[in-house]
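Structural overview for review
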Amino acid sequence: MKQFRIILFAAVASLVLASCAGKPIEDKFDSFVNKVESKCDSYTQADWDKVIKEYDALIQEYQQNIDSYTQEQKAAVNKAIGKYTGILLKAGVNQAGKAVQDAIDSASSFIKGVSESLETEK
C-alpha cells in the first residue's frame, strides 16, 4: 500500500510539473498577474509574501531562459511585469492613502481639541 501511494504521488507530481513546463512563459505571467489583480484587495501580509515568492520564481525562470524567447514573448512578459508593478504600487498607494487619512483624522481631532480648549479659557 505504501508503494502504491509513493507511485501515485510521483505520477501526480510529474503531471503537475509537465503541465507547468509546457505552458508558455507569457501565459504563466498573465495567469499570475490576473490572479493577483483579482484578489489583491483582500491580501494579508502573508498572502503578499507568498505572491512575491511566486513572482521571484517566475522572474528566475524567465531570466534563465531569456535567450530562447521570441521578441513577442518578451514583450508580453514585460507588459505583464509592468501590470504587476502597477498593482503593487496601487496596493502601496492604497495603504499609504489610508495612513494619510488616519493621520489627517487624528490631526483634525487634535486641532478641534486645542480649539475647544482655547475657546473655554476666554
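Above this note sits the structure.
Before going into details, it helps to say that this report is about the structure given with it. (Residues numbered from 1 in each chain as written. Predicted model: local features only at pLDDT ≥ 70, side-chain atom pairs only at ≥ 80, totals over all residues. Heavy atoms only, no water.)

1. A few points about the overall build of the chain
Just so we agree on the cut-off: Runs of E in the DSSP output that reach at least two residues are strands. Runs of H or I that reach at least four are helices, and both are numbered from the N terminus. Relative accessible area decides the class of each residue, using a 1.4 Å probe on protein chains only: under 20% of the type maximum gives buried, over 50% gives exposed, and in between gives partly exposed. For this analysis, residues touch if any pair of their heavy atoms sits within 4.5 Å. Note on areas: Shrake-Rupley with a 1.4 Å probe; residue coverage comes only from the protein chains shown.
A tally of regular secondary structure across the chain gives four helices and zero strands. Starting at the N terminus and ending at the C terminus, the chain contains elements arranged as α-α-α-α. Residues classed as buried in the chain amount to 19% of the 122 residues present. Here the contacts in the chain between residues at least 6 apart in sequence split such that 65% fall between residues at least 24 apart. Of the roughly 9,300 Å² of accessible surface on the chain, 61% is carried by carbon and sulfur atoms.

2. Structural notes on the pattern of salt bridges
For clarity, the cut-off: We define a salt bridge as a contact between a side-chain nitrogen of Lys or Arg and a carboxyl oxygen of Asp or Glu at a distance within 4 Å.
A complete count under the given rule lists three salt bridges for this structure. Among the ionic pairs, E54 bridges to K35, the shortest N-O distance being 2.8 Å. Of this pair, E54 sits in helix 3 (residues 45-64) while K35 sits in helix 2 (residues 25-39); the two residues are 19 residues apart in sequence, bridging distant segments of the chain. Using a relative accessible area of 27% as the deciding quantity, one classes E54 as partly exposed. For K35, a relative accessible area of 31% puts it in the partly exposed group. The residue K83 makes a salt bridge to E37 at a minimum N-O spacing of 3.2 Å. Here K83, found in helix 4 (residues 71-121), pairs with E37, found in helix 2; they are 46 residues apart in sequence, far enough to count as distant. Judged by relative accessible area, E37 falls into the partly exposed class, the value being 39%.

3. Observations regarding helix 3
Here is the rule we go by: Here the expected span of a helix is defined as 1.5 Å times the quantity of residues minus one. The arc under discussion is defined with respect to the helix axis, by the directions toward the C-beta atoms.
For helix 3, which comprises 20 residues, the first-to-last C-alpha distance of 29 Å matches the rise-based estimate of 28 Å (1.5 Å per residue) to within 8%. Inspection of helix 3 places W48, V51, Y55, L58, I59 and Y62 among the buried residues, and these make up the whole buried set. For helix 3, the angular spread of buried residues about the axis comes to 100°, placing them on one side. Looking at helix 3, the residues exposed on the side facing more than 90 degrees away from the buried face are A46, K50, K53 and Q64.

4. Details of the nonpolar core
In summary, soluble globular proteins display a tendency toward joint burial of nonpolar side chains. The test is simple: We define the nonpolar core as a collection of buried residues of types Ala, Val, Leu, Ile, Met, Phe, Trp, Tyr and Cys that are connected through side-chain atoms lying within 4.5 Å of one another.
Judged by nonpolar contacts, the single largest core of 20 residues is most densely connected at F29, F32, V36, W48, V51, Y55 and Y84. When neighbours within four sequence positions are excluded, F29 is seen to be in contact with Y55, L58, I59, Y62, V77, A80 and I81.

5. Structural notes on the packing of aromatic side chains
Here the distance between the centres and the angle between the planes together describe a pair of aromatic rings. Heads up, the condition is: To pair, rings of Phe, Tyr and Trp, with the six-membered ring standing in for Trp, must have centres within 6.5 Å; the planes then decide the type, stacked if under 30 degrees apart, edge-to-face if over 60, and tilted in the middle.
Taken as a whole and assessed by the stated rule, the structure comprises six aromatic pairs. Taken together, a centroid distance of 5.0 Å and an interplanar angle of 85° make the contact between Y43 and W48 edge-to-face. Judged by centre distance (4.2 Å) and plane angle (25°), the rings of Y55 and Y84 are stacked. Of this pair, Y55 sits in helix 3 while Y84 sits in helix 4, and the two are 29 residues apart along the sequence. Considered together, Y55 and Y84 belong to a single accessibility category, that of buried residues. One aromatic cluster is present, formed by F29, Y62 and Y69 through successive ring pairs.

6. Concerning the environment of G86
Its location among the elements puts G86 in helix 4. You can call G86 partly exposed: its relative accessible area is 33%. Between the alpha carbons of G86 and E37 there is a distance of 9.8 Å; along the sequence they are 49 residues apart.

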